[in-house]
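Listed below, chain by chain, are the residues.
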Amino acid sequence: MANRRPVAYVTRVESFSACHRLHSKLLSDEENKAIFGKCNNPNGHGHNYKVEVTVRGPIDEKTGMVINVFDLKTIINDVVMEAMDHKHLDLDVPVFRDSSMVTTTENVTFVIYEGIKEQLPSHVQLHEVKIHETDKNIVVYRGEYEKV
């Protein structure tokens, strides 16, 4: 047991509000309307998102923690709350504003995952980011890619 430490998963939950317009710069206005329907409203629409960030790592024998939850909260605050809370995702968040990435919950989850991953200490791995867009629509991203 001397060379082994138990691994635990730690999840932090936060909520943020933001608006967006589902509209692809790669499609015509007619195609956008047909695909995204009322979510293509030129003025956008809003959500009260719930984001769950789960990290995994060995339990430190001195502190008994995988990560200090305050440190995880600080990272989430930087990546999510400061960047996206009470913002128009298409207009106020540079990664969306300056690219052709559509502000679907799938892409929002991916962007949050990448931002959090960059800030975690090396002994902690980001397991997943889960976003509840509504009570019925939930997206999970675990850092997986597929060849295209």
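From a predicted model like this one, the values you see are computed outputs, not experimental measurements. (Residues numbered from 1 in each chain as written. Predicted model: local features only at pLDDT ≥ 70, side-chain atom pairs only at ≥ 80, totals over all residues. Heavy atoms only, no water.)

K.L.:
Before we go on, may I ask you to explain the overall build of the chain in this structure?
P.N.:
In terms of helices and strands, the chain carries five helices and five strands. Mapped in sequence order, the helices and strands of the chain form the string β-α-β-α-β-α-α-α-β-β. Once the C-alpha set of the chain is aligned to its principal axes, its extents read approximately 65 × 35 × 30 Å. Out of the 148 residues in the chain, the part that is buried amounts to 37%. Taking all contacts inside the chain whose residues are at least 6 apart in sequence as the whole, residues at least 24 apart take part in 69%. Of the accessible surface of the chain, which amounts to about 9200 Å², a share of 50% is contributed by carbon and sulfur atoms. Looking at the chain, you have 18 positive and 22 negative side-chain charges, and the mean spots of the two groups are 4 Å apart. (Helix = DSSP H or I, 4+ residues; strand = E, 2+ residues; numbered from the N terminus. Buried < 20%, exposed > 50% of the residue type's maximum accessible area, 1.4 Å probe, protein only. Contact = heavy atoms within 4.5 Å. Areas by Shrake-Rupley, 256 points an atom, 1.4 Å probe, with all protein chains shown as cover. Lys, Arg positive; Asp, Glu negative; His and termini not counted. Charge placed at Lys NZ, Arg CZ, Asp CG, Glu CD.)

K.L.:
What is the right way to look at the packing of aromatic side chains in this model?
P.N.:
Between two aromatic rings, the relevant description is the distance of the centres plus the angle of the planes. In total, this model carries four aromatic pairs according to the counting rule given. Look at Phe 16 and Tyr 49: their rings are 4.8 Å apart centre to centre, the planes differ by 15 degrees, and that puts the pair in the stacked class. Of the two residues, Phe 16 is situated in strand β1 (residues 7-20) and Tyr 49 in strand β2 (residues 45-58); the sequence distance between them amounts to 33 residues. With relative accessibility at 2%, the residue Phe 16 sits in the buried group. Overall, Tyr 49 belongs to the buried group, its relative accessible area being 1%. (Phe/Tyr/Trp six-rings, centres within 6.5 Å; stacked < 30°, edge-to-face > 60°.)

K.L.:
I tried to follow the side chain of Glu 128 on my own but got confused; where do I start?
P.N.:
With respect to the helices, strands and loops of the structure, Glu 128 is situated in strand β4 (residues 125-132). Judged by its relative accessible area of 10%, Glu 128 is buried. There is a polar contact of 2.6 Å between the side chain of Glu 128 and the side chain of Arg 142. (Polar contact = N/O pair within 3.5 Å; in protein donor to acceptor, adjacent residues only side chain to side chain.)

K.L.:
How should the side chain of Asn 40 be read in this particular structure?
P.N.:
Looking at the element boundaries, Asn 40 is found in the loop between α1 (29-36) and β2. We classify Asn 40 as buried; its relative accessible area is 4%.

K.L.:
What exactly am I supposed to notice about the sheet that holds β4 here?
P.N.:
Pairing is mixed in the open sheet, where five strands are placed in the order β3-β1-β2-β4-β5. Only two strands of the sheet have a single partner each, and these edge strands are β3 (87-88) and β5 (138-141). As paired elements, β1 and β3 share two bridges and run parallel to each other. By the bridge assignment for β3, Cys 19 is matched with His 88. Seen against the sheet, helix α2 (residues 69-84) touches β1, β2 and β3 and runs at an angle of roughly 20 degrees to β1. (Pairing = 2+ DSSP bridges. Axes fitted to C-alpha atoms, helices over the stretch in contact; angles between N-to-C directions.)

K.L.:
Would you take a moment to explain the pairing of β4 for this structure?
P.N.:
One ladder, built from seven bridges, connects β2 with β4; its direction is antiparallel. Counted as the bridge partner of Arg 56 is Gln 125 from β4. With four bridges connecting them, β4 and β5 associate as antiparallel partners. For Val 129, the partnering residue across the bridge sits in β5 and is Tyr 141. In sequence, β4 turns back onto β5 through a hairpin of five residues.

K.L.:
Where do I start with the pattern of salt bridges in this structure?
P.N.:
Where charged atoms from two side chains of opposite charge come close, those side chains can pair. A full pass over the atoms with the stated rule returns five salt bridges. Note that Lys 50 is salt-bridged to Glu 52, the shortest N-O span being 3.9 Å. Judged by relative accessible area, Lys 50 falls into the partly exposed class, the value being 32%. Here Asp 98 makes a salt bridge to Arg 97, at a shortest N to O gap of 3.0 Å. According to the relative accessible area criterion, Arg 97 is partly exposed, its value standing at 38%. (Salt bridge = Lys/Arg side-chain N within 4 Å of Asp/Glu carboxyl O.)

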